[in-house]
Amino acid sequence: MASSFRASLVNDLFGDPALYVALPWERRALLFDLGDVRTLSAGSLLKITDVFVSHAHLDHFVGFDHLLRVLIGRPKGLRLFGPPDFIGRVEGKLRGYTWNLVEGYSLLLEVHEVHPDRIVKARFACPERFVRRDDPTPHPFDGVLLEEPQFRVRAVHLDHRIPCLGFALKEAVHLNVDKAALEGLGLPVGPWLMDLKRAIRAGEADDHPIHIAWSEGGQRVERHLPLGDLRRSVVRASPGQKLAYVTDVVHSPENAERIVKLAWGADLFFCEAAYPERDRQRAAARFHLTAAQAGCLAAEAKARRLAIFHFSPKYRDCPGELLDEAMAAFGRRVLP
């Protein structure tokens, strides 16, 4: 089954954590962790609508400044989610700059701070020179950070000697286009199919018109067909896909239980693997996982695929050792 989420690590196995997840049908993207993101194009960064930060260690949050630099002057809103004290850390970043020439700019940052029992929120608006505006009413936290018709993002609190968030992204429904049926109706493949999927996910009525336009024999052809007819004839629905993302955690019974529950049945599980088994004690002292521990967690969670990352630079000359250990524990091929 083709993936609806186009997920890719921004950096190599030894680089800063940052997972870019494109949502093609939405023409938008999500970002999990905010390490160095300078390799992403401005176009890719401008697609980001939501950023989920596990914790504010330098290698997970240093990319904030670069992202802000690209977004400044754009008519855009950005939501950020992070652990306790996250709002203050965003505020500190913003207060490090002078904002006296931002009249007419409309960038709005909406920052969510995730506590075990509640979410508190603050807004920072560029026209107001990013003065902090706290939402006086906290919202109960039941594990769900963001829920839209198309997908849901869940989070759990994990232990990295500080609170650290793990995330799971779940598609509401997976939509495939039957190309043979499409050809039978004389309809082309094209960008209109994203509009069709978006309308289905949004729950539009059967009589909602779908505009289809293409060139044929040098002539422009246009048709308007009811959503219901297209849904029944060319779209095949199946259970939605799931991604999980976990990094910077100690291997403890409490963490393991929460990670397995979070990543249960994931189609793709991104999990840190900072150390090899020969340095298990060092991994525990640094509150990180070994590659074998990552593989065991993925196997216990019954994940279909595992991608490991965030290797310690100490092992730059032997990355294969970590990949082999994760593969042996997982029981199948591991994606680097």
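Here is what the cut-offs are and how they apply
- Residues numbered from 1 in each chain as written.
- Predicted model: local features only at pLDDT ≥ 70, side-chain atom pairs only at ≥ 80, totals over all residues.
- Heavy atoms only, no water.
- Helix = DSSP H or I, 4+ residues; strand = E, 2+ residues; numbered from the N terminus.
- Rg over C-alpha atoms; globule rule 2.2 N^0.38 Å.
- Buried < 20%, exposed > 50% of the residue type's maximum accessible area, 1.4 Å probe, protein only.
- Contact = heavy atoms within 4.5 Å.
- Areas by Shrake-Rupley, 256 points an atom, 1.4 Å probe, with all protein chains shown as cover.
- Phe/Tyr/Trp six-rings, centres within 6.5 Å; stacked < 30°, edge-to-face > 60°.
- Lys NZ or Arg CZ within 6 Å of the ring centre and 35° of its normal.
- Core = buried A, V, L, I, M, F, W, Y, C linked by side-chain atoms within 4.5 Å.
- Pairing = 2+ DSSP bridges.
- Axes fitted to C-alpha atoms, helices over the stretch in contact; angles between N-to-C directions.
- Disulfide = S-S within 2.5 Å.
- Patch = residues over 30% accessible without salt bridge, like charges linked within 9 Å, V, L, I, M, F, W, Y side chains within 5 Å.
- Salt bridge = Lys/Arg side-chain N within 4 Å of Asp/Glu carboxyl O.
- Lys, Arg positive; Asp, Glu negative; His and termini not counted.
- Charge placed at Lys NZ, Arg CZ, Asp CG, Glu CD.
- Arc of directions from axis to C-beta.
- Parallel < 35°, antiparallel > 145°, perpendicular 65-115°, else oblique.
- Nonpolar A, V, L, I, M, F, W, Y, C, P; charged D, E, K, R; others polar.

K.L.:
Please explain the overall build of the protein chain as it appears in this structure.
P.N.:
The number of helices and strands found in the protein chain is 11 helices and 19 strands. In terms of overall dimensions, the protein chain is globule-like: its C-alpha atoms have a radius of gyration of 22 Å, near the 20 Å expected for 336 residues. Overall size of the protein chain, expressed as C-alpha extent along the three principal axes, is 65 × 55 × 40 Å. For the protein chain, the residues scored as buried account for 51% of the 336 residues in total. Considering only residue pairs separated by 6 or more positions, the protein chain has 62% of its internal contacts joining residues 24 or more positions apart. Surface exposure of the protein chain reaches about 15,700 Å², of which carbon and sulfur atoms provide 51%.

K.L.:
Explain the packing of aromatic side chains to me, please; I cannot follow it from the model alone.
P.N.:
For any pair of aromatic rings, the description consists of the separation of the ring centres together with the inter-plane angle of the planes. Going through the model one piece at a time under the given rule, you end up with 12 aromatic pairs. Aromatic side chains Y275 and Y315 sit 5.9 Å apart centroid to centroid with 75° between the ring planes, which places their arrangement in the edge-to-face category. Residue Y275 is located in the loop between β18 (268-272) and α9 (280-285), and its partner Y315 is located in the loop between β19 (306-309) and α11 (319-330); the two are separated by 40 residues in the primary sequence. Accessibility expressed as a relative area gives 5% for Y275, which makes it buried. Clustering of aromatic rings is evident, with ring pairs tying together F32, F52, F81, F167, Y245 and F309. One Lys or Arg, K93, reaches over the ring of F61 and ends 5.3 Å from the middle of that ring.

K.L.:
Would you mind going over the nonpolar core with me for this structure?
P.N.:
Membership of the largest hydrophobic core comes to 63 residues, with the highest contact counts inside it found for V21, F32, F52, L145, L169, F269 and I308. The contacts of F52, once residues within four sequence positions are left out, are L30, L31, F32, D33, F81, L145, L146, V153 and F167. Among the nonpolar cores identified, the runner-up in size contains 36 residues, and A18, L68, L78 and L109 belong to it.

K.L.:
What is the right way to look at the sheet that holds strand β11 (residues 151-159) in this model?
P.N.:
Whether parallel or antiparallel, the strands of a sheet pair through hydrogen bonds between backbone atoms. Spatially, β10-β11-β12-β17-β18-β19 is the arrangement adopted by the six strands of the open sheet, whose pairing is mixed. The outermost strands of the open sheet, each flanked by one partner alone, are β10 (144-147) and β19. The sheet shows a mean angle of 15° between the axes of neighbouring strands, taken without regard to direction. Note that β18 and β19 share four bridges and pair parallel. Across the sheet, E272 pairs through a bridge with F309, a residue of β19. Taken strand by strand, helix α8 (residues 253-263) contacts β11, β12 (163-171), β17 (242-246) and β18, and its axis lies near 170° from that of β11.

K.L.:
In this structure, what is going on with the state of the cysteines? I would like to understand it.
P.N.:
Any covalent bond linking the sulfur atoms of two cysteines counts as a disulfide. Enumeration over the complete set of coordinates arrives at zero disulfides. Take C164: it sits in no disulfide, and the sulfur closest to it among the cysteines is that of C271, at 11 Å. Residue classification places C164 among the buried residues on the basis of a relative accessible area of 0%. Cysteine C271 is unpaired, with the sulfur of C296 as its nearest cysteine sulfur at 11 Å.

K.L.:
Mind showing me how you'd approach the pairing of strand β15 (residues 219-226) here?
P.N.:
Along a regular strand, successive side chains alternate from one face of the sheet to the other. Pairing of strand β14 (residues 209-216) with β15 involves eight bridges; the strand directions are antiparallel. Paired with I212 across the strands is R223, a residue of β15. The hairpin formed by β14 and β15 contains two residues between the paired strands, and G217 there has a positive phi angle of roughly 60°.

K.L.:
Whenever I open this one, helix α10 (residues 291-300) confuses me. Can you help?
P.N.:
The periodicity of an α-helix, 3.6 residues per turn, causes residues three or four positions apart to be oriented the same way. Counting buried positions along α10 gives seven out of 10 residues, so the element sits mostly inside the fold. Directly after α10, the chain includes K302, whose backbone phi takes a positive value near 60°.

K.L.:
Where do I start with a positive patch on the surface in this structure?
P.N.:
Together, R161, R282, R286 and K314 make up a region of like positive charge exposed at the surface. Within the secondary structure layout, R161 lies in the loop between β11 and β12.

K.L.:
It is not clear to me how helix α4 (residues 86-95) should be interpreted in this structure. Could you clarify?
P.N.:
Among the residues of α4, those classed as buried are F86, I87, V90, E91 and L94. The buried side chains of α4 occupy one side of the element, clustering within an arc of 140° when seen end-on. Of the surrounding elements, those touching the buried residues of α4 are α2 (58-61), α3 (64-71), β5 (77-82), β6 (108-114), β7 (118-125) and β8 (132-134).

K.L.:
Hey, could you run me through the pattern of salt bridges in this one?
P.N.:
Think of it this way: side chains of opposite charge can pair up when their charged atoms draw near. Within this structure, the stated rule accounts for 24 salt bridges. Here R133 ties to E128 by a salt bridge, and the two come within 3.1 Å at their closest N and O atoms. A residue is classified by how much of its surface remains accessible, and E128, at 37% relative accessible area, is partly exposed.

K.L.:
Whenever I open this one, the packing of helix α6 (residues 192-201) against helix α7 (residues 227-234) confuses me. Can you help?
P.N.:
Remark: α6 packs on α7, axes separated minimally by 11 Å, with the N-to-C direction vectors making an angle of 100°. The angle between α6 and α7 falls in the class roughly perpendicular. Judged by residue contacts, W192, L196, A199 and I200 of α6 engage L227, L230, R231 and V234 from α7. Residues of the contact of α6 with α7, tallied by class, amount to seven nonpolar, no polar and one charged.

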